[in-house]
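Survey of secondary and tertiary structure
If you want the building blocks of each chain, they are given just below.
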Amino acid sequence: MIQPLPYVEKISPYVPGKPVKELERELGISSCVKLASNENPLGPSPKAVAAIQEFLSGSEELCRYPEGSGYYLKAALQNKLSAGGIAVGFDNLILGNGSNELLNIATRTYMSPGDEAVMSQMSFVVYSMAVQAVGGVAHQVPMTNYRHDLAAMADAITPKTKMVFVANPNNPTGTTSTAGEFERFMQRVPENVLVVVDEAYIEYVSRQDYPDTLKYFAAGRDILLLRTFSKAYGLASLRIGYGIAKPEIITAINRLREPFNTNTLAQVAAEAAVADDEHVRNTLVNNAAGKQYLMKELAALELPGVPSEANFIFVPISMDSMSLYDGLLRKGVIIRPIGPKAIRISIGTPHENERFIAALKEILAA
Ligand SMILES: *Cc1c(COP(=O)(O)O)cnc(C)c1O
(Lines give C-alpha, C1' and ligand atoms only; values in the text may rest on other atoms or scores of the structure.)
Protein backbone atom coordinates (compact mmCIF):
# COMPACT_ATOMS: atom_id res chain seq x y z
CA MET A 1 0.00 0.00 0.00
CA ILE A 2 1.19 3.51 -0.65
CA GLN A 3 2.77 5.06 2.44
CA PRO A 4 2.72 8.74 3.47
CA LEU A 5 6.06 10.49 3.72
CA PRO A 6 7.65 9.60 7.08
CA TYR A 7 7.61 13.21 8.25
CA VAL A 8 3.97 13.61 7.30
CA GLU A 9 3.09 10.53 9.33
CA LYS A 10 4.66 12.14 12.41
CA ILE A 11 2.37 15.19 12.35
CA SER A 12 -0.28 15.12 15.06
CA PRO A 13 -3.48 16.56 13.60
CA TYR A 14 -4.68 19.92 14.89
CA VAL A 15 -7.42 19.49 17.49
CA PRO A 16 -9.99 22.27 17.12
CA GLY A 17 -12.20 23.53 19.94
CA LYS A 18 -15.42 21.57 20.25
CA PRO A 19 -18.26 23.27 18.32
CA VAL A 20 -21.21 24.46 20.46
CA LYS A 21 -23.74 22.60 18.29
CA GLU A 22 -21.89 19.32 18.79
CA LEU A 23 -21.92 19.64 22.59
CA GLU A 24 -25.57 20.68 22.56
CA ARG A 25 -26.42 17.55 20.56
CA GLU A 26 -24.48 15.39 23.00
CA LEU A 27 -25.98 16.92 26.14
CA GLY A 28 -29.46 17.47 24.71
CA ILE A 29 -29.46 21.07 25.95
CA SER A 30 -29.40 24.34 24.07
CA SER A 31 -27.46 26.95 25.98
CA CYS A 32 -23.85 25.84 25.81
CA VAL A 33 -21.07 28.37 25.97
CA LYS A 34 -17.86 28.15 23.94
CA LEU A 35 -14.81 29.84 25.39
CA ALA A 36 -12.34 27.65 23.53
CA SER A 37 -11.17 29.24 20.30
CA ASN A 38 -10.61 32.94 21.04
CA GLU A 39 -13.41 34.02 18.75
CA ASN A 40 -15.07 37.41 19.14
CA PRO A 41 -17.96 36.99 21.60
CA LEU A 42 -19.69 40.09 20.15
CA GLY A 43 -19.81 38.40 16.77
CA PRO A 44 -18.71 39.79 13.42
CA SER A 45 -18.57 43.47 12.61
CA PRO A 46 -22.16 44.44 11.67
CA LYS A 47 -20.69 46.38 8.76
CA ALA A 48 -19.10 43.19 7.47
CA VAL A 49 -22.41 41.34 7.67
CA ALA A 50 -24.17 44.18 5.85
CA ALA A 51 -21.50 44.20 3.15
CA ILE A 52 -21.98 40.48 2.54
CA GLN A 53 -25.76 40.87 2.40
CA GLU A 54 -25.49 43.72 -0.03
CA PHE A 55 -23.08 41.77 -2.16
CA LEU A 56 -25.37 38.74 -2.26
CA SER A 57 -28.48 40.72 -3.05
CA GLY A 58 -26.91 42.71 -5.81
CA SER A 59 -25.44 40.24 -8.22
CA GLU A 60 -24.72 36.87 -9.65
CA GLU A 61 -21.12 37.37 -8.63
CA LEU A 62 -21.06 34.11 -6.68
CA CYS A 63 -20.57 32.28 -9.96
CA ARG A 64 -17.41 34.28 -10.63
CA TYR A 65 -13.99 33.50 -9.29
CA PRO A 66 -12.80 35.88 -6.59
CA GLU A 67 -10.52 38.71 -7.45
CA GLY A 68 -7.28 36.89 -6.77
CA SER A 69 -5.32 39.98 -5.85
CA GLY A 70 -7.90 41.19 -3.31
CA TYR A 71 -7.52 44.71 -4.66
CA TYR A 72 -10.16 46.51 -2.55
CA LEU A 73 -9.23 44.83 0.70
CA LYS A 74 -5.56 45.58 0.10
CA ALA A 75 -6.44 49.20 -0.61
CA ALA A 76 -8.31 49.39 2.71
CA LEU A 77 -5.40 47.76 4.53
CA GLN A 78 -2.88 50.05 2.88
CA ASN A 79 -4.84 53.03 4.18
CA LYS A 80 -5.19 51.72 7.68
CA LEU A 81 -1.66 50.38 8.09
CA SER A 82 0.04 53.44 6.65
CA ALA A 83 -1.74 55.76 9.10
CA GLY A 84 1.10 55.40 11.63
CA GLY A 85 3.64 56.93 9.24
CA ILE A 86 5.31 53.80 7.85
CA ALA A 87 4.06 53.26 4.31
CA VAL A 88 2.60 49.83 3.59
CA GLY A 89 1.84 49.44 -0.11
CA PHE A 90 0.21 46.81 -2.28
CA ASP A 91 3.51 45.10 -2.90
CA ASN A 92 3.99 44.72 0.86
CA LEU A 93 0.73 42.80 1.37
CA ILE A 94 -0.45 39.23 0.85
CA LEU A 95 -3.87 37.86 1.74
CA GLY A 96 -4.33 34.37 3.11
CA ASN A 97 -7.12 31.91 3.73
CA GLY A 98 -6.60 32.69 7.39
CA SER A 99 -3.12 33.61 8.55
CA ASN A 100 -2.79 29.88 9.03
CA GLU A 101 -2.41 29.46 5.27
CA LEU A 102 0.29 32.12 5.18
CA LEU A 103 2.24 30.27 7.89
CA ASN A 104 2.14 27.20 5.67
CA ILE A 105 3.06 28.79 2.38
CA ALA A 106 5.83 30.91 3.91
CA THR A 107 7.33 27.75 5.40
CA ARG A 108 7.07 25.94 2.07
CA THR A 109 8.74 28.91 0.38
CA TYR A 110 11.84 28.90 2.53
CA MET A 111 12.38 25.47 4.10
CA SER A 112 13.38 22.12 2.69
CA PRO A 113 13.78 18.75 4.47
CA GLY A 114 16.40 18.91 7.21
CA ASP A 115 16.25 22.69 7.61
CA GLU A 116 15.54 24.04 11.06
CA ALA A 117 13.04 26.50 12.48
CA VAL A 118 13.16 28.02 15.95
CA MET A 119 10.02 28.65 17.97
CA SER A 120 8.97 28.77 21.58
CA GLN A 121 7.61 25.89 23.56
CA MET A 122 3.95 26.36 24.40
CA SER A 123 3.29 28.51 21.38
CA PHE A 124 0.87 28.18 18.46
CA VAL A 125 0.89 24.51 17.37
CA VAL A 126 0.53 25.39 13.69
CA TYR A 127 4.21 26.52 13.54
CA SER A 128 5.60 23.08 14.24
CA MET A 129 2.98 21.48 11.99
CA ALA A 130 3.98 23.74 9.09
CA VAL A 131 7.66 22.95 9.63
CA GLN A 132 7.08 19.21 9.93
CA ALA A 133 4.99 19.28 6.76
CA VAL A 134 8.10 20.18 4.75
CA GLY A 135 10.36 17.73 6.55
CA GLY A 136 11.92 20.48 8.62
CA VAL A 137 13.01 20.31 12.24
CA ALA A 138 11.03 22.41 14.72
CA HIS A 139 13.32 23.50 17.52
CA GLN A 140 11.17 24.44 20.52
CA VAL A 141 12.88 26.66 23.07
CA PRO A 142 11.64 26.56 26.70
CA MET A 143 9.70 29.58 27.98
CA THR A 144 10.48 31.63 31.04
CA ASN A 145 7.46 32.67 33.12
CA TYR A 146 5.10 31.69 30.30
CA ARG A 147 6.89 34.15 28.00
CA HIS A 148 9.02 33.66 24.92
CA ASP A 149 12.70 33.59 25.93
CA LEU A 150 13.88 35.58 22.93
CA ALA A 151 17.52 35.51 24.06
CA ALA A 152 17.45 31.71 24.21
CA MET A 153 15.65 31.61 20.87
CA ALA A 154 18.45 33.70 19.33
CA ASP A 155 20.95 31.25 20.89
CA ALA A 156 19.09 28.35 19.24
CA ILE A 157 19.67 29.67 15.72
CA THR A 158 22.17 27.52 13.80
CA PRO A 159 23.50 27.68 10.25
CA LYS A 160 20.60 25.36 9.31
CA THR A 161 17.96 27.73 10.70
CA LYS A 162 15.76 29.26 8.01
CA MET A 163 12.87 30.63 10.05
CA VAL A 164 12.03 31.84 13.54
CA PHE A 165 8.41 32.05 14.71
CA VAL A 166 7.48 34.63 17.34
CA ALA A 167 3.87 34.80 18.54
CA ASN A 168 3.24 38.21 20.06
CA PRO A 169 0.98 38.09 22.04
CA ASN A 170 1.57 34.39 22.44
CA ASN A 171 -1.19 31.83 22.17
CA PRO A 172 -1.90 30.02 24.54
CA THR A 173 -0.23 32.07 27.29
CA GLY A 174 -1.38 35.60 26.34
CA THR A 175 2.03 37.06 27.18
CA THR A 176 4.00 39.53 25.08
CA SER A 177 7.61 40.23 24.30
CA THR A 178 8.66 43.83 24.93
CA ALA A 179 10.05 46.29 22.42
CA GLY A 180 13.46 46.09 24.10
CA GLU A 181 13.53 42.29 24.08
CA PHE A 182 12.48 42.21 20.46
CA GLU A 183 15.09 44.80 19.45
CA ARG A 184 17.89 42.82 21.14
CA PHE A 185 16.59 39.68 19.47
CA MET A 186 16.51 41.27 16.01
CA GLN A 187 20.06 42.51 16.49
CA ARG A 188 21.14 38.90 16.92
CA VAL A 189 19.12 37.24 14.15
CA PRO A 190 21.47 36.72 11.20
CA GLU A 191 20.71 37.87 7.67
CA ASN A 192 18.91 35.22 5.62
CA VAL A 193 16.78 33.98 8.50
CA LEU A 194 13.10 34.89 8.14
CA VAL A 195 11.49 36.13 11.35
CA VAL A 196 7.74 35.46 11.29
CA VAL A 197 5.94 37.59 13.86
CA ASP A 198 2.42 36.32 14.38
CA GLU A 199 0.34 39.25 15.60
CA ALA A 200 -3.09 37.57 15.52
CA TYR A 201 -4.03 39.37 18.75
CA ILE A 202 -2.32 42.74 18.17
CA GLU A 203 -5.59 44.70 18.38
CA TYR A 204 -6.01 43.65 22.03
CA VAL A 205 -2.58 44.75 23.25
CA SER A 206 -2.67 47.68 25.66
CA ARG A 207 0.83 47.75 27.10
CA GLN A 208 3.02 50.59 25.92
CA ASP A 209 6.26 48.61 25.51
CA TYR A 210 4.86 46.41 22.73
CA PRO A 211 7.27 46.28 19.77
CA ASP A 212 6.51 48.33 16.66
CA THR A 213 7.30 45.56 14.20
CA LEU A 214 6.49 47.65 11.12
CA LYS A 215 9.75 49.45 11.85
CA TYR A 216 11.76 46.29 11.06
CA PHE A 217 9.85 45.66 7.88
CA ALA A 218 10.47 49.27 6.83
CA ALA A 219 14.17 48.85 7.59
CA GLY A 220 14.31 46.05 5.02
CA ARG A 221 14.75 43.17 7.44
CA ASP A 222 13.77 39.61 6.55
CA ILE A 223 10.57 39.74 8.56
CA LEU A 224 6.98 38.66 7.85
CA LEU A 225 4.19 40.09 10.00
CA LEU A 226 0.98 38.09 10.14
CA ARG A 227 -2.39 39.42 11.18
CA THR A 228 -5.93 38.11 10.95
CA PHE A 229 -9.61 38.96 10.75
CA SER A 230 -10.46 35.89 12.83
CA LYS A 231 -10.08 37.44 16.27
CA ALA A 232 -10.87 41.10 17.02
CA TYR A 233 -12.77 41.49 13.73
CA GLY A 234 -14.92 38.43 14.41
CA LEU A 235 -14.65 36.81 10.97
CA ALA A 236 -13.13 33.44 11.89
CA SER A 237 -15.53 31.42 9.75
CA LEU A 238 -14.65 33.33 6.58
CA ARG A 239 -10.94 32.48 6.81
CA ILE A 240 -9.03 35.62 6.01
CA GLY A 241 -5.75 37.02 7.23
CA TYR A 242 -2.83 38.96 5.79
CA GLY A 243 0.91 39.25 5.78
CA ILE A 244 3.15 42.32 5.63
CA ALA A 245 6.70 42.11 4.31
CA LYS A 246 9.12 43.66 1.86
CA PRO A 247 8.24 43.10 -1.81
CA GLU A 248 10.86 40.38 -2.37
CA ILE A 249 9.32 38.24 0.36
CA ILE A 250 5.74 38.89 -0.77
CA THR A 251 6.67 37.99 -4.35
CA ALA A 252 8.33 34.77 -3.26
CA ILE A 253 5.45 33.62 -1.04
CA ASN A 254 2.95 34.57 -3.73
CA ARG A 255 4.35 31.87 -5.98
CA LEU A 256 2.90 29.23 -3.65
CA ARG A 257 -0.38 31.00 -3.04
CA GLU A 258 -3.29 29.35 -4.80
CA PRO A 259 -4.76 31.73 -7.40
CA PHE A 260 -8.08 32.15 -5.55
CA ASN A 261 -7.06 31.46 -1.98
CA THR A 262 -9.33 34.06 -0.38
CA ASN A 263 -12.99 33.99 -1.31
CA THR A 264 -15.07 36.96 -2.40
CA LEU A 265 -17.33 37.03 0.67
CA ALA A 266 -14.29 37.08 2.94
CA GLN A 267 -12.74 39.93 0.97
CA VAL A 268 -15.96 41.96 0.98
CA ALA A 269 -16.52 41.39 4.70
CA ALA A 270 -12.93 42.13 5.69
CA GLU A 271 -12.89 45.34 3.67
CA ALA A 272 -15.96 46.56 5.58
CA ALA A 273 -14.57 45.32 8.90
CA VAL A 274 -11.32 47.28 8.46
CA ALA A 275 -13.40 50.46 8.47
CA ASP A 276 -15.51 49.44 11.47
CA ASP A 277 -13.50 51.02 14.28
CA GLU A 278 -16.56 51.08 16.48
CA HIS A 279 -16.92 47.31 16.51
CA VAL A 280 -13.27 46.87 17.40
CA ARG A 281 -13.66 49.49 20.15
CA ASN A 282 -16.69 47.67 21.60
CA THR A 283 -14.79 44.42 21.36
CA LEU A 284 -11.86 45.83 23.33
CA VAL A 285 -14.12 47.33 26.01
CA ASN A 286 -15.91 44.01 26.49
CA ASN A 287 -12.60 42.18 26.53
CA ALA A 288 -11.00 44.43 29.12
CA ALA A 289 -13.99 44.17 31.45
CA GLY A 290 -14.24 40.40 31.00
CA LYS A 291 -10.54 39.98 31.60
CA GLN A 292 -10.71 41.95 34.82
CA TYR A 293 -13.71 39.95 36.03
CA LEU A 294 -12.19 36.57 35.18
CA MET A 295 -8.79 37.40 36.66
CA LYS A 296 -10.41 38.51 39.90
CA GLU A 297 -12.68 35.45 40.16
CA LEU A 298 -9.87 33.05 39.27
CA ALA A 299 -7.60 34.59 41.87
CA ALA A 300 -10.36 34.27 44.48
CA LEU A 301 -10.56 30.54 43.63
CA GLU A 302 -6.77 30.30 44.05
CA LEU A 303 -6.37 29.54 40.36
CA PRO A 304 -4.62 32.75 39.29
CA GLY A 305 -4.53 33.37 35.56
CA VAL A 306 -1.40 34.54 33.77
CA PRO A 307 -1.78 38.29 32.98
CA SER A 308 -2.88 38.45 29.35
CA GLU A 309 -2.61 41.01 26.56
CA ALA A 310 -5.04 39.04 24.39
CA ASN A 311 -8.65 37.84 24.42
CA PHE A 312 -8.00 34.71 26.47
CA ILE A 313 -6.47 33.73 29.79
CA PHE A 314 -4.03 30.92 30.47
CA VAL A 315 -4.55 29.25 33.83
CA PRO A 316 -2.00 26.81 35.25
CA ILE A 317 -3.85 24.33 37.47
CA SER A 318 -2.84 21.59 39.88
CA MET A 319 -5.60 19.16 38.84
CA ASP A 320 -5.72 17.18 35.62
CA SER A 321 -6.71 19.49 32.78
CA MET A 322 -8.71 16.84 30.87
CA SER A 323 -10.88 16.05 33.86
CA LEU A 324 -11.57 19.75 34.47
CA TYR A 325 -12.32 20.12 30.74
CA ASP A 326 -14.74 17.17 30.88
CA GLY A 327 -16.39 18.45 34.05
CA LEU A 328 -16.99 21.85 32.46
CA LEU A 329 -18.30 20.22 29.27
CA ARG A 330 -20.91 18.37 31.30
CA LYS A 331 -22.03 21.77 32.57
CA GLY A 332 -22.25 23.11 29.05
CA VAL A 333 -19.03 25.15 29.04
CA ILE A 334 -16.33 24.48 26.45
CA ILE A 335 -12.80 25.60 27.29
CA ARG A 336 -9.40 24.47 26.05
CA PRO A 337 -7.18 22.07 28.00
CA ILE A 338 -3.51 22.89 27.40
CA GLY A 339 -1.19 20.01 28.22
CA PRO A 340 -1.77 18.06 31.44
CA LYS A 341 -1.83 20.97 33.89
CA ALA A 342 -3.30 24.11 32.36
CA ILE A 343 -6.40 25.46 30.66
CA ARG A 344 -7.06 28.39 28.37
CA ILE A 345 -10.31 30.36 28.56
CA SER A 346 -11.39 32.77 25.86
CA ILE A 347 -12.89 35.94 27.28
CA GLY A 348 -16.60 35.96 26.47
CA THR A 349 -19.58 38.19 27.09
CA PRO A 350 -20.33 38.95 30.76
CA HIS A 351 -22.97 36.20 30.74
CA GLU A 352 -20.58 33.64 29.25
CA ASN A 353 -17.84 34.53 31.70
CA GLU A 354 -20.26 34.16 34.61
CA ARG A 355 -21.42 30.78 33.28
CA PHE A 356 -17.82 29.59 33.24
CA ILE A 357 -17.07 30.84 36.77
CA ALA A 358 -20.29 29.33 38.15
CA ALA A 359 -19.51 25.95 36.55
CA LEU A 360 -15.93 26.10 37.81
CA LYS A 361 -17.09 26.84 41.35
CA GLU A 362 -19.48 23.87 41.28
CA ILE A 363 -16.69 21.57 40.16
CA LEU A 364 -14.25 22.84 42.78
CA ALA A 365 -16.89 22.49 45.52
CA ALA A 366 -17.83 18.94 44.54
C1 LIG B 1 -6.07 32.35 15.94
C2 LIG B 1 -4.63 32.47 15.61
C3 LIG B 1 -4.22 32.73 14.31
C4 LIG B 1 -5.23 33.06 13.25
O5 LIG B 1 -5.55 32.04 12.49
P6 LIG B 1 -6.44 32.32 11.19
O7 LIG B 1 -5.95 31.26 10.30
O8 LIG B 1 -6.14 33.69 10.68
O9 LIG B 1 -7.85 32.15 11.63
C10 LIG B 1 -2.89 32.84 14.03
N11 LIG B 1 -1.98 32.75 15.00
C12 LIG B 1 -2.33 32.54 16.27
C13 LIG B 1 -1.30 32.51 17.32
C14 LIG B 1 -3.67 32.37 16.61
O15 LIG B 1 -4.00 32.14 17.87
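Residues numbered from 1 in each chain as written. Predicted model: local features only at pLDDT ≥ 70, side-chain atom pairs only at ≥ 80, totals over all residues. Heavy atoms only, no water.

**Concerning the domain arrangement of the protein chain**
Domain boundaries in the protein chain define domain 1 (12–44 + 278–365) and domain 2 (46–275). Taking the mean C-alpha position of each, domain 1 and domain 2 sit 25 Å from one another. In this assembly, 25 residues from domain 1 lie in contact with 27 residues from domain 2. At the junction of domain 1 with domain 2, the criterion picks out zero salt bridges. In this structure, the connection of domain 1 to domain 2 is made through seven residue pairs in polar contact (both at pLDDT 80 or more). Of all the elements in the fold, those that place two or more residues in the side of domain 1 that touches domain 2 are α12 (277–300) and β9 (312–316). Looking at the side of domain 1 that touches domain 2 element by element, the count peaks at five residues for α12. Along the lines of polarity and charge, the residues of the side of domain 1 that touches domain 2 split into 12 nonpolar, 10 polar and three charged. (Domains from an automatic or database assignment. Contact = heavy atoms within 4.5 Å. Salt bridge = Lys/Arg side-chain N within 4 Å of Asp/Glu carboxyl O. Polar contact = N/O pair within 3.5 Å; in protein donor to acceptor, adjacent residues only side chain to side chain. Helix = DSSP H or I, 4+ residues; strand = E, 2+ residues; numbered from the N terminus. Nonpolar A, V, L, I, M, F, W, Y, C, P; charged D, E, K, R; others polar.)

**As for the nonpolar core**
Residues Leu 77, Phe 182, Phe 185, Val 195, Ile 223, Phe 229 and Ile 244 are the most contacted members of the largest nonpolar core, which totals 43 residues. Tallying contributions element by element places helix α11 (residues 264–274) first for this core, with five residues. In contact with Ile 244, other than residues within four places in its own chain, are Leu 81, Val 88, Asn 92, Leu 93, Leu 214, Phe 217, Ile 223, Leu 224, Leu 225, Arg 227 and Ile 250. Formed by 25 residues, the second largest nonpolar core is a distinct cluster that contains Ala 36, Val 315, Tyr 325 and Val 333. (Core = buried A, V, L, I, M, F, W, Y, C linked by side-chain atoms within 4.5 Å. Buried < 20%, exposed > 50% of the residue type's maximum accessible area, 1.4 Å probe, protein only.)

**So, the packing of α12 against helix α14 (residues 350–365)**
One way to put it is that α12 packs onto α14 with a least axis distance of 10 Å and a crossing angle of 15 degrees. In terms of axis orientation, α12 runs roughly parallel to α14. Judged by the sense of rotation from one axis to the other, the crossing of α12 with α14 is right-handed. Here α12 contributes Asn 286, Gly 290, Tyr 293, Leu 294, Glu 297 and Leu 298 to the contact with α14, which in turn contributes Pro 350, Asn 353, Glu 354, Phe 356, Ile 357, Leu 360 and Lys 361. Taken together, the residues that form the contact of α12 with α14 break down as seven nonpolar, three polar and three charged. (Axes fitted to C-alpha atoms, helices over the stretch in contact; angles between N-to-C directions. Parallel < 35°, antiparallel > 145°, perpendicular 65-115°, else oblique. Left-handed = near helix turned anticlockwise from the far one by under 90°.)

**Remarks on the site of the ligand**
In the vicinity of the ligand, 13 residues are found, and the nearest of them are Asp 198, Tyr 201, Thr 228, Ser 230 and Lys 231. Contact between the ligand and Arg 239: an oxygen atom at 2.6 Å from a side-chain N or O atom of the residue. Surface burial for the ligand is 94%, taken as the share of its 390 Å² of free accessible area covered by protein chains. A molecule is said to occupy a pocket when more than half its atoms come within 2 Å of that pocket's grid points, and by this definition the ligand occupies the largest pocket. Taken together, the residues of the shell around the ligand sort by class into four nonpolar, six polar and three charged. (Near = heavy atom within 4 Å. Areas by Shrake-Rupley, 256 points an atom, 1.4 Å probe, with all protein chains shown as cover. 1 Å grid on protein atoms, 1.4 Å probe; cavity = no way out; pocket = protein on both sides within 12 Å on 5 of 7 lines; lining within 4 Å. Sits in = over half its atoms within 2 Å of the grid points.)

**Concerning the packing of helix α3 (residues 46–58) against α11**
Look at α3 against α11: their axes get within 7 Å of each other, and the N-to-C directions meet at 135 degrees. For the element pair α3 / α11, the angle class is oblique. Relative to α11, α3 is oriented so that their crossing is right-handed. Where α3 abuts α11, its residues Lys 47, Ala 48, Ala 51, Ile 52, Phe 55 and Leu 56 lie against Thr 264, Leu 265, Val 268, Ala 269, Ala 272 and Ala 273. Among the residues forming the contact of α3 with α11, the class breakdown is 10 nonpolar, one polar and one charged.

**Re helix α4 (residues 71–82)**
Structurally, the α-helix is built with 3.6 residues per turn, so residues lying three or four positions apart point the same way. Between its first and last C-alpha atoms α4 spans 16 Å; for 12 residues at 1.5 Å apiece the expected length is 16 Å, and the two agree. All of the buried residues along α4 are Leu 73, Lys 74, Ala 76, Leu 77 and Leu 81. The buried residues of α4 occupy one face: seen down the axis, they fall within an arc of 160 degrees. Turned more than 90 degrees away from the buried face of α4 sit Tyr 72 and Asn 79, all of them exposed. Where the residues of α4 are buried, they touch β2 (93–96), α9 (214–218), β7 (223–228), β8 (241–244) and α11. (Expected span 1.5 Å × (residues − 1). Arc of directions from axis to C-beta.)

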